[in-house]
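Breakdown of the fold
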Amino acid sequence: QVQLVESGGGLVQPGGSLTLSCAASGSILSFYSVGWYRQAPGKQRDLVAALTRSGNTNYADSVRGRFTISRDNAKNTLYLHMNSLKPEDTAVYYCNALERIRSGELIEYNYWGSGTQVTVSS
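The numbers attached to residues start from 1 for each chain and follow its sequence in the written order. With pLDDT at 70 or above as the cut-off, local features in this predicted model cover only qualifying residues; side-chain atom pairs require 80 or more to be listed or tallied, and sums for whole chains, interfaces and linings still use all residues. Heavy atoms from the whole structure form the basis of all side-chain values; hydrogens and water molecules are not counted.

Let us look at the pairing of strand S3 (residues 18–24). Burial runs high along S3: five of the seven residues are buried. Across four bridges, strand S1 (residues 4–7) lies against S3 in antiparallel orientation. Within the sheet, the bridge partner assigned to valine 5 lies in S3 and is alanine 23. Burial classification: accessible surface area is computed with a 1.4 Å probe over protein chains only, and a residue below 20% of its type maximum counts as buried, one above 50% as exposed, and the rest as partly exposed. Runs of H or I in DSSP of at least four residues are treated as helices and runs of E of at least two as strands, each being numbered from the N terminus. At least two DSSP bridges between two strands are needed for those strands to be called paired.

Structure (structure tokens):
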């Protein structure tokens, strides 16, 4: 049973930094990709950053250059390092893991954490 637990959210001033953590119940290398999504009130859940098993990264245009996704395989933990935070970064941030299994047909499973609130305000 896959469990993802986020931590590290909180209140930060514009221009500040914050690091989010996501602890997985199993090896994060077992997933095709891991990543972070965020959802602001009244908006859809959007991709923030993703990291594939092979090491490729993908960032939303709005965070590229400011956020960095990384992992600690030994600790089975995913991180999101957020710098130069802006009020528009305010959202609930969710940890995500994508499992892809090919057994005749491609099967995909998305796993989600419960989310952690990030508020950027002065």
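So much for the structure itself; the text now carries on.
The residues that make up patches have over 30% relative accessible area and no salt bridge, and they are joined within 9 Å when like-charged or within 5 Å when they are Val, Leu, Ile, Met, Phe, Trp or Tyr. Note on areas: Shrake-Rupley with a 1.4 Å probe; residue coverage comes only from the protein chains shown. The term salt bridge refers to a side-chain nitrogen of Lys or Arg lying within 4 Å of a carboxyl oxygen of Asp or Glu. A grouping of Ile101, Ile107 and Tyr109 is seen on the molecular surface, where their side chains present a nonpolar patch of about 230 Å² in accessible area. Mapped onto the elements of the fold, isoleucine 101 is located in strand S9 (residues 91–102). The exposure class of isoleucine 101 is partly exposed, given its relative accessible area of 30%.

A few words on the side chain of asparagine 96. With respect to the helices and strands, asparagine 96 occurs in strand S9. On the accessibility criterion, asparagine 96 (4% relative accessible area) is buried. Throughout this description, a polar contact denotes any pair of N or O atoms lying within 3.5 Å of each other; where both atoms belong to protein, one of them has to be capable of donating a hydrogen while the other can accept it, and for residues adjacent in sequence the pair is counted only when both atoms sit in side chains. Among the polar contacts made by the side chain of asparagine 96, one reaches the side chain of asparagine 110 at a distance of 2.9 Å.

Another point: the sheet that holds S3. Strand order in the open sheet formed by four strands is S1-S3-S8-S7, and the pairing between neighbours is antiparallel. Lying at the two open borders of the sheet, with one neighbouring strand each, are S1 and strand S7 (67–72). Averaged over all adjacent pairs, the angle separating strand axes in this sheet is 15 degrees, with direction ignored. To define axes, lines are fitted to C-alpha atoms, for helices over the stretch in contact only, and angles between the resulting N-to-C directions are given on a 0 to 180 degree scale.

Moving on: the pattern of salt bridges. One pass over the full model with this rule turns up four salt bridges. Between aspartate 89 and arginine 66 there is a salt bridge, with the nearest N and O atoms lying 2.8 Å from each other. One end of the pair, aspartate 89, is in the loop between strand S8 (77–82) and S9; the other, arginine 66, is in the loop between strand S6 (57–59) and S7, with 23 residues separating them in the sequence. With a relative accessible area of 0%, aspartate 89 lands in the buried category. Glutamate 108 is the salt-bridge partner of arginine 100, the closest N and O atoms lying 3.0 Å from each other. Among the charged side chains, a network of salt bridges with common partners joins Arg38, Arg66 and Asp89.

The rule is short: rings of Phe, Tyr and Trp, with Trp giving its six-membered ring, pair when the centres are within 6.5 Å, and they are stacked under 30 degrees, edge-to-face over 60, tilted in between. With the rule as written, the count across this model stands at two aromatic pairs. Taken together, a centroid distance of 5.0 Å and an interplanar angle of 70 degrees make the contact between tyrosine 37 and tryptophan 112 edge-to-face. With tyrosine 37 in strand S4 (residues 33–39) and tryptophan 112 in strand S10 (residues 106–112), this residue pair connects regions lying 75 residues apart in the sequence. Criterion for a charge above a ring: Lys NZ or Arg CZ within 6 Å of the ring centre, and within 35 degrees of the ring normal. Lying across the ring of tyrosine 94, arginine 45 places its NZ or CZ 3.7 Å from the centre.

Looking at the element boundaries, threonine 116 is found in strand S11 (residues 116–120). Judged by relative accessible area, threonine 116 falls into the buried class, the value being 11%. A polar side-chain atom of threonine 116 sits 3.2 Å from the main-chain amide nitrogen of glycine 9. With sequence-adjacent residues up to four places away left out, threonine 116 is seen in contact with Glu6, Ser7, Gly8, Gly9, Leu20, Ala91, Val92 and Tyr93. Here a residue-residue contact requires only that any non-hydrogen atoms of the pair lie within 4.5 Å.

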